[in-house]
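Chain and residue survey
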Amino acid sequence: MKSLLYLLGCAAALLPLTACHNGAPKAGSPAKAAKTYMTYAYNRDFEQFANAFIFASDTMEADRHEANVRAVKEILEEKGNEFYVAMDSVSDIRVLAEELDETGTRAKVTLETVCRGGKRDTTTHDLVKVGDDWKFYEDK
């Protein structure tokens, strides 16, 4: 019985990785979107990166989303160098896990950025499906 529970536990732990097909995110998946968006950030494409977000406050008033995107872009243009390493110093962005909720409209994606100097950063991102696209979700 213990071995059966152990196997079930191992299978459950591997479930988030199965959506990534051995680390390579599937086209149209939240993992693929998250990896693409982080590439925008490391390439200093702050316009594309800012447009990768959807905010909880977007529904509060008309044009709120555009204002939020503008604010993110302005912050990144002003302070981006303090927060992100350049893409030429990144050797890999790996998808460690992708977990979808039961509705298939929200996801958590864990990415690991590996720098050429060996430094590693692991971050989990919340994403939400908007139409056919996945967006980073900010509860602000």
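1. Considering the overall build of the protein
Looking only at helices and strands, the protein features 4 helices and 5 strands. Start at the N end of the protein and walk to the C end: the helices and strands fall as α-α-α-β-α-β-β-β-β. Taking all 140 residues of the protein together, 33% fall into the buried category. In the protein, 52% of the contacts between residues at least 6 apart in sequence involve partners at least 24 apart. For the protein, the accessible surface area stands at approximately 8,800 Å², while carbon and sulfur atoms represent 53% of it.

2. A short note on the nonpolar core
Side chains of nonpolar character tend, in soluble globular proteins, to be buried together. In terms of nonpolar packing, the biggest core is built from 25 residues, with Met-38, Phe-49, Leu-111, Leu-127 and Phe-136 touching the most fellow members. Counting residues per element, the ones that place at least two in this core are α2 (30-42), α3 (46-50), β1 (53-55), α4 (64-83), β2 (90-100), β3 (106-115) and β5 (133-138). Looking at this core, the element that brings in the most residues is α2, giving 7 residues. Those residues in contact with Phe-136 that sit more than four places away from it in its chain are Ala-34, Tyr-37, Met-38, Phe-49, Ala-52, Phe-53, Ile-54, His-125, Asp-126 and Leu-127.

3. Considerations on the pairing of β2
One ladder, built from 9 bridges, connects β2 with β3; its direction is antiparallel. Each bridged residue has a counterpart across the sheet, and for Glu-98 the counterpart in β3 is Val-109. Count of turn residues in the β2/β3 antiparallel hairpin: 5 residues, of which Gly-104 carries a positive phi of about 75°.

4. Concerning the confidence of the model for the protein
Looking at the protein as a whole, the pLDDT averages 77, with 76% of positions reaching at least 70. Low pLDDT (under 50) marks residues 1-22, which in the prediction has 14 contacts with non-local residues, meaning those over four places away or in another chain.

5. Details of the packing of aromatic side chains
In total, this model carries 6 aromatic pairs according to the counting rule given. Ring plane angle 65° and centroid distance 5.4 Å describe the contact between Tyr-37 and Phe-136, whose orientation is recorded as edge-to-face. Placement of the pair is Tyr-37 in helix α2 and Phe-136 in strand β5, with a sequence separation of 99 residues. Each member of the pair Tyr-37 and Phe-136 is classed as buried. Between Phe-49 and Phe-53 the ring centres are 5.2 Å apart and the planes differ by 90°, which places this aromatic pair in the edge-to-face class. With relative accessibility at 3%, the residue Phe-49 sits in the buried group. Of the aromatic side chains, those joined through ring pairs into one cluster are Tyr-37, Tyr-40, Phe-49, Phe-53, Phe-55 and Phe-136. The ring of Tyr-137 has Arg-106 lying over it, and the distance from NZ or CZ to the ring centre is 4.7 Å.

About the cut-offs
- One numbering rule holds for all chains: residues counted from 1, following each sequence as written.
- Thresholds applied to this predicted model are a pLDDT of at least 70 for local features of residues and 80 or more for the giving and counting of side-chain atom pairs; totals over whole chains, interfaces and linings are not thresholded and use all residues.
- With hydrogens and water stripped out, all remaining heavy atoms of the structure feed into the side-chain values.
- Secondary structure elements are defined from DSSP: runs of H or I of at least 4 residues count as helices, runs of E of at least 2 residues count as strands, and each element is numbered from the N terminus.
- Only protein chains enter the accessibility calculation, which uses a 1.4 Å probe. A residue is then buried if its area is under 20% of the maximum for its type, exposed if over 50%, and partly exposed in between.
- Whether two residues touch is decided by their heavy atoms; if any such pair falls within 4.5 Å, the residues are in contact.
- Throughout, the Shrake-Rupley method with a 1.4 Å probe supplies accessible areas, and for residues the shown protein chains are the sole cover considered.
- As used here, the term nonpolar core means buried Ala, Val, Leu, Ile, Met, Phe, Trp, Tyr and Cys residues forming a set that is joined through side-chain atoms within 4.5 Å.
- A pair of strands counts as paired when DSSP detects no fewer than two bridges linking them.
- Per residue, pLDDT captures the predictor's confidence, and it can take any value from 0 to 100.
- Put simply, two rings from Phe, Tyr or Trp (the six-membered ring, in Trp's case) pair if the centres are within 6.5 Å, and we call them stacked under 30 degrees between planes, edge-to-face over 60, tilted for the rest.
- A ring is considered to have a charge above it if a Lys NZ or an Arg CZ atom is located within 6 Å of its centre and within 35 degrees of its normal.

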